[in-house]
Structures are given as C-alpha cells and as structure tokens.
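An overview of the molecular structure
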Amino acid sequence: MLFSERRFQPVWILLFALLMTSTLGVAYAAAVSNLVGATLGLTLSGIAVFAWLRARSDILVDDTVLVVGKMTIERKFIGHVTALDEAAFLQRIRAGAQLTDVLTFTSTRRGGVVVEILDDNDPFRAWVIGCKSPQALARALTDHNISV
C-alpha cells in the first residue's frame, strides 16, 4: 500500500442526524410511552451512526490501482497528477470545474489532487480528489515503479 486515507463525512451531518432521531424519540415518548420513545430513538440513532460510517470514502493507492470510495482505476490509465493547496483546490472545484470531472471530497480545508485519466473508454477526463495530504497522494500516484 503506497497511500491510504480514511475520509468520513463531516461530523455535523452525524450530529444533525442524531438530533433528529433523538427528537423523534422524545416525541414518541410523550405521545405513546417512554419505552416506545427510547426504543425508537435509540434504534434510529444507531441506524444514523451506521449510515454515517458507511458513507465514508477511503482513498487507497497500491502498485496497480487507485481506489476512491467505490471508484477504481488502474494506474496505467493515470496521466498527469497535480497537487493543489486549499485556494487552488477551491478554484478548481468552483470556477475551474468541467463536465468531464469527477469531483470527490468531504472537506476542502487541506486541498486535493487532480488526476488526469487517459482511458478513451472513460467518459471522465479527470478525478478531482480532496484529501488531507495532497502532496503524499500525488507522490504515491507519480511513483513510476508500478506493475502493469
């Protein structure tokens, strides 16, 4: 494994979901019974936590593939790789975005990487990936000792 990063959705999404599920539990406790309210609130909160954990999109790079969430591409189809700082990344995903880009990020605070796709059968020309350490991801992707 040349690079690995776990990307979770923002914590505020989880907190909002827990607020909604606990509020529903309190409402049912007042309307039906404390047992029904507590059971419903805890069950829905568990489902919310499970859904938040399942929504993570890890980044993995090894000798043969790049994996971002559920997307996978062989490294032989990767062209030019550019690491971007926060300002350049925001410019790229806002005004610089194109219809042939895949935008995948959970945060924009540390920047990201633009990966050029050379596969003629792929409708996308670039993956724009937000990550915690763009320089390390770019280094892992530009390592020329890959197995094809």
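This write-up is about the structure you can find in this document. Positions within a chain are numbered from 1, following the residues in the order the chain's sequence is written. Reporting of local features is limited, given that this is a predicted model, to residues whose pLDDT is at least 70; pairs of side-chain atoms are given and counted only at 80 or more, and all residues count toward the totals for whole chains, interfaces and linings. Each side-chain value is worked out from all heavy atoms of the structure, with water and hydrogens disregarded.

**A look at the packing of helix 1 (residues 11-31) against helix 2 (residues 34-54)**
The geometry of helix 1 relative to helix 2 is characterised by a closest axis approach of 7 Å and an angle of 165° between their N-to-C directions. Comparing the axis directions of helix 1 and helix 2 gives the class roughly antiparallel. Of the two elements, helix 1 crosses helix 2, and the hand of that crossing is right-handed. For the pair helix 1 and helix 2, the contacting residues are Val11, Ile13, Leu14, Ala17, Leu18, Thr21, Ser22, Leu24, Gly25, Tyr28 and Ala29 in the first and Asn34, Val36, Gly37, Leu40, Gly41, Leu44, Ser45, Ala48, Val49 and Trp52 in the second. Gly falls in the polar group here, along with every residue not listed as nonpolar (Ala, Val, Leu, Ile, Met, Phe, Trp, Tyr, Cys, Pro) or charged (Asp, Glu, Lys, Arg). A per-class count over the contact of helix 1 with helix 2 returns 14 nonpolar, seven polar and no charged. Axis angles are defined between N-to-C directions and span 0 to 180 degrees, where every axis is a line fitted to C-alpha atoms and, for a helix, only to the segment in contact. Secondary structure follows DSSP: runs of H or I at least 4 residues long count as helices, runs of E at least 2 residues long count as strands, and numbering of each begins at the N terminus. In what follows, roughly perpendicular refers to angles from 65 to 115 degrees, roughly parallel to angles under 35, roughly antiparallel to angles over 145, and oblique to any angle outside these ranges. Each helix crossing is assigned a hand: it is left-handed if the near helix lies turned anticlockwise from the far helix by less than a right angle, otherwise right-handed if that turn is clockwise. Contacts are residue-level and defined by heavy atoms, with any inter-residue pair within 4.5 Å sufficient.

**Comments concerning the layout of surface pockets**
Of the volumes computed, that of the largest pocket is approximately 300 Å³. Lining the largest pocket we find 15 residues, and of these Phe8, Thr106, Ser107, Arg109 and Lys132 sit closest to its centre. Grouping the amino acids of the lining of the largest pocket by side-chain chemistry returns five nonpolar, four polar and six charged. Residues are said to line a cavity or pocket when one of their atoms sits within 4 Å of a point; the points come from a 1 Å grid over protein atoms alone, cavities being sets where a 1.4 Å probe fits but cannot get out and pockets being open sets with protein on both sides within 12 Å along at least five of seven lines. Grid points are joined across faces, edges and corners, and a volume is the space filled by probe spheres set on the points. The computed volume of the second largest pocket comes to approximately 160 Å³. What lines the second largest pocket is Arg54, Arg56, Ser57, Asp58, Leu60, Val67, Gly69 and Lys70. Residues of the lining of the second largest pocket, tallied by class, amount to two nonpolar, two polar and four charged.

**With respect to a nonpolar patch on the surface**
Residues form patches when they are more than 30% accessible in relative terms and have no salt bridge. Like charges link within 9 Å. Nonpolar side chains (Val, Leu, Ile, Met, Phe, Trp, Tyr) link within 5 Å. Each accessible area is a Shrake-Rupley estimate made with a 1.4 Å probe; only the visible protein chains count as cover when residues are assessed. In the sections that follow, a salt bridge refers to a side-chain nitrogen of Lys or Arg positioned within 4 Å of a carboxyl oxygen of Asp or Glu. The grouping of Trp12, Ile13, Phe16, Leu19 and Met20 at the surface amounts to a nonpolar patch, some 550 Å² of accessible area in total. Tracing the backbone shows Phe16 in helix 1. With a relative accessible area of 47%, Phe16 lands in the partly exposed category. Relative accessibility decides the category of a residue: with a 1.4 Å probe and only protein chains considered, values under 20% of the type maximum give buried, values over 50% give exposed, and everything between is partly exposed.

**Overview of the environment of Glu116**
Inspection of the secondary structure assignment puts Glu116 in strand 7 (residues 112-117). When the C-alpha positions of Glu116 and His80 are compared, they lie 5.3 Å apart, and in sequence the two are 36 residues distant. In contact with Glu116, other than residues within four places in its own chain, are Phe77, Ile78, Gly79, His80, Arg125 and Ala126. Pairs of N or O atoms within 3.5 Å make up the polar contacts considered here, provided that, within protein, one atom can donate a hydrogen while the other can accept it, and that residues adjacent in sequence are counted only when both atoms are side-chain atoms. Polar contacts involving the side chain of Glu116 include one to the main-chain amide nitrogen of His80, which spans 2.9 Å.

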